[in-house]
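Single-letter residue listing:
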Amino acid sequence: MITTIFSKSKPINFLIVCCVLLVSLLILEFKYAHSLSVNYGLVTKIGMFLIVFFSVLVLHFIVVKNGLSQQSNIELLVFALFVLAVPQTFISYKIIVSNMFILMALRRMISIRSKKEIIKKLFDSGFLIGLASVFYFWSILFFPLIIISLLFFSESKAKYYFIPVLGLATLVVILTAVSVIFYGDIFSIFPQKIDFSFNYTAYNSFQLIGAITILLSFGLWSSVFYLTTIKKKMRSYRPSYKIMFVACMFATAIAIITPNKNGSEMLFLFAPLSVIIMNYIETITDNWFKNSFLALLIIAPIVLLVL
């Protein structure tokens, strides 16, 4: 029954996702208020919620336009459930905005498949990832994904590999000009200190340990089937599947090295992991097992929040 609801694109699917995201934000406000280092105003919170919902729409666009699903909306539900499991997603507006730009860049990268306006798409990807790094520096780790995407799509023209750098350089020039105008020097607008940390004591809570366990268990299990089924996809679509998996790896790297580990950094992982899990669910032929798997994915975050 659960998979039937999300088997086709329906307005009610987006309404359900919207409600789950809203509940996640309210849970953070009332149950995990102690984890908030900054108490944002109502307008900012509404803005953060809208950006996260917009990111869900971008993810759906990527999936639908690039044949990453069998016309289902399961990735929407999985993404929302991850946010429900980690309501700390709403702690940092910078990570929320950065993730939005990463998804927009990912959309441009995967659309290289059409072989149309490749230079423009590469420039946009470099520019968008650079813009994402302005809000959250470590999102710059996604930049090599542009080059990897070109390799997956077997693009051999040397000039293509310089275009993303040009896009990033263009952003640097713009930011330098803004810094000079508003701050009177070249460097004030750029990060003054770049930190990283391998200290995971911040995850020492039942809720975060449980959430990480959910992500790892469902993610690793689904990834095994995801990787083995890529070769069964149409040849022209295979690079898109590979890009999503590599994006998941880069997102994991960000979560590992980020200096402020509070759960919000996991947001980068939600979109690509949602696609991986969705693809596994779609390969399950037994309806009982398929609904049970998805039901477990729904129940797990709820249990975490209740206990």
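Keep in mind that what you see is a predicted model, and the values were worked out from it rather than measured. (Residues numbered from 1 in each chain as written. Predicted model: local features only at pLDDT ≥ 70, side-chain atom pairs only at ≥ 80, totals over all residues. Heavy atoms only, no water.)

Here we come to the overall build of the protein. Each helix and strand counted, the protein has twelve helices and zero strands in total. Its helices and strands in sequence order give the protein the pattern α-α-α-α-α-α-α-α-α-α-α-α, from N to C terminus. Since a compact globule built from 307 residues should have a radius of gyration of about 19 Å, the 19 Å found for the protein is in line with a globular shape. Projected onto its principal axes, the C-alpha positions of the protein cover 60 × 50 × 35 Å. By residue count, 51% of the 307 residues in the protein fall in the buried class. Long-range contacts, defined as pairs at least 24 residues apart, comprise 77% of the intrachain contacts of the protein with a sequence gap of at least 6. For the protein, the exposed area adds up to about 14500 Å²; of that, 72% sits on carbon and sulfur atoms. In the protein, the 24 positive side-chain charges and the 10 negative ones have mean positions that sit 9 Å from each other. (Helix = DSSP H or I, 4+ residues; strand = E, 2+ residues; numbered from the N terminus. Rg over C-alpha atoms; globule rule 2.2 N^0.38 Å. Buried < 20%, exposed > 50% of the residue type's maximum accessible area, 1.4 Å probe, protein only. Contact = heavy atoms within 4.5 Å. Areas by Shrake-Rupley, 256 points an atom, 1.4 Å probe, with all protein chains shown as cover. Lys, Arg positive; Asp, Glu negative; His and termini not counted. Charge placed at Lys NZ, Arg CZ, Asp CG, Glu CD.)

Attention now moves to the packing of helix H10 (residues 238–257) against helix H11 (residues 267–283). Interhelical geometry of H10 versus H11 gives an angle of 140° and a closest axis separation of 8 Å. If you check the angle between H10 and H11, you find them oblique. In this structure, the crossing between H10 and H11 has a hand that is left-handed. Contact residues: H10 offers Tyr-241, Met-244, Phe-245, Ala-247, Cys-248, Ala-251, Thr-252 and Ile-254, while H11 offers Phe-268, Leu-269, Ala-271, Pro-272, Leu-273, Val-275, Ile-276 and Asn-279. A per-class count over the contact of H10 with H11 returns 14 nonpolar, two polar and no charged. (Axes fitted to C-alpha atoms, helices over the stretch in contact; angles between N-to-C directions. Parallel < 35°, antiparallel > 145°, perpendicular 65-115°, else oblique. Left-handed = near helix turned anticlockwise from the far one by under 90°. Nonpolar A, V, L, I, M, F, W, Y, C, P; charged D, E, K, R; others polar.)

The next thing to look at is the side chain of Asn-66. Here Asn-66 lies in the loop between helix H3 (42–65) and helix H4 (74–85). Among the polar contacts made by the side chain of Asn-66, one reaches the main-chain carbonyl oxygen of Ile-62 at a distance of 2.8 Å. (Polar contact = N/O pair within 3.5 Å; in protein donor to acceptor, adjacent residues only side chain to side chain.)

Taking 1.5 Å per residue as the helical rise, helix H12 (residues 287–306) with its 20 residues ought to reach 28 Å, and the 28 Å between its terminal C-alpha atoms agrees with that figure. Within the sequence span of H12, burial applies to Lys-290, Asn-291, Phe-293, Leu-294, Leu-297, Ala-300, Pro-301, Leu-304 and Leu-305. (Expected span 1.5 Å × (residues − 1).)

Tracing the chain through its elements places Ile-51 in helix H3. Residues Ile-51 and Asn-99 lie 48 residues apart in sequence; the distance between their C-alpha atoms is 9.4 Å. Excluding residues that lie within four positions of it along the chain, Ile-51 makes contacts with Ile-96, Val-97 and Met-100.

Now for the pattern of salt bridges. As enumerated under the stated definition, the model contains two salt bridges in all. The salt bridge involving Asp-124 is made with Arg-108; its shortest N-O contact spans 2.9 Å. Of this pair, Asp-124 sits in helix H6 (residues 118–135) while Arg-108 sits in helix H5 (residues 93–110), and the two are 16 residues apart along the sequence. Assessed through its relative accessible area of 12%, Arg-108 is described here as buried. (Salt bridge = Lys/Arg side-chain N within 4 Å of Asp/Glu carboxyl O.)

A few words now on the packing of aromatic side chains. Scanning the model with the defined rule gives 18 aromatic pairs in all. Among the aromatic residues, those joined into a ring-pair cluster are Phe-218, Trp-221, Phe-225, Tyr-280, Phe-289 and Phe-293. (Phe/Tyr/Trp six-rings, centres within 6.5 Å; stacked < 30°, edge-to-face > 60°.)

The subject of this paragraph is a nonpolar patch on the surface. Together, Phe-206, Ile-299, Ile-302, Val-303, Val-306 and Leu-307 line one region of the surface with nonpolar side chains, adding up to about 610 Å² of accessible area. Take Phe-206: it is sitting in helix H9 (residues 206–229). (Patch = residues over 30% accessible without salt bridge, like charges linked within 9 Å, V, L, I, M, F, W, Y side chains within 5 Å.)

With that settled, consider the nonpolar core. Counting residues in each nonpolar core, the largest one holds 98 residues, and the members touching the most others are Leu-106 and Phe-142. Residues in contact with Leu-106, not counting those within four places in the same chain, are Ile-62, Leu-145, Ile-243, Met-244 and Ala-247. (Core = buried A, V, L, I, M, F, W, Y, C linked by side-chain atoms within 4.5 Å.)

Examined against the element boundaries, Ile-230 turns out to sit in the loop between H9 and H10. As for Ile-230 and Lys-242, which are separated by twelve residues in sequence, their C-alpha atoms are 7.8 Å apart. Apart from residues lying up to four places away in sequence, Ile-230 is in contact with Arg-238, Tyr-241 and Lys-242.

Bringing the environment of Met-266 into the picture now. Note that Met-266 resides in the loop between H10 and H11. Overall, Met-266 belongs to the buried group, its relative accessible area being 4%. When near neighbours in sequence (up to four residues on either side) are disregarded, Met-266 contacts Val-86, Tyr-203, Ile-212 and Leu-215.

Let's shift gears to the confidence of the model for the protein. Taken as a whole, the protein shows an average pLDDT of 88; of its residues, 94% reach a score of 70 or greater. Within the protein, the element-level pLDDT minimum falls on helix H1 (residues 2–5), averaging 62, and the maximum on H5, averaging 95. (pLDDT = per-residue confidence, 0-100.)

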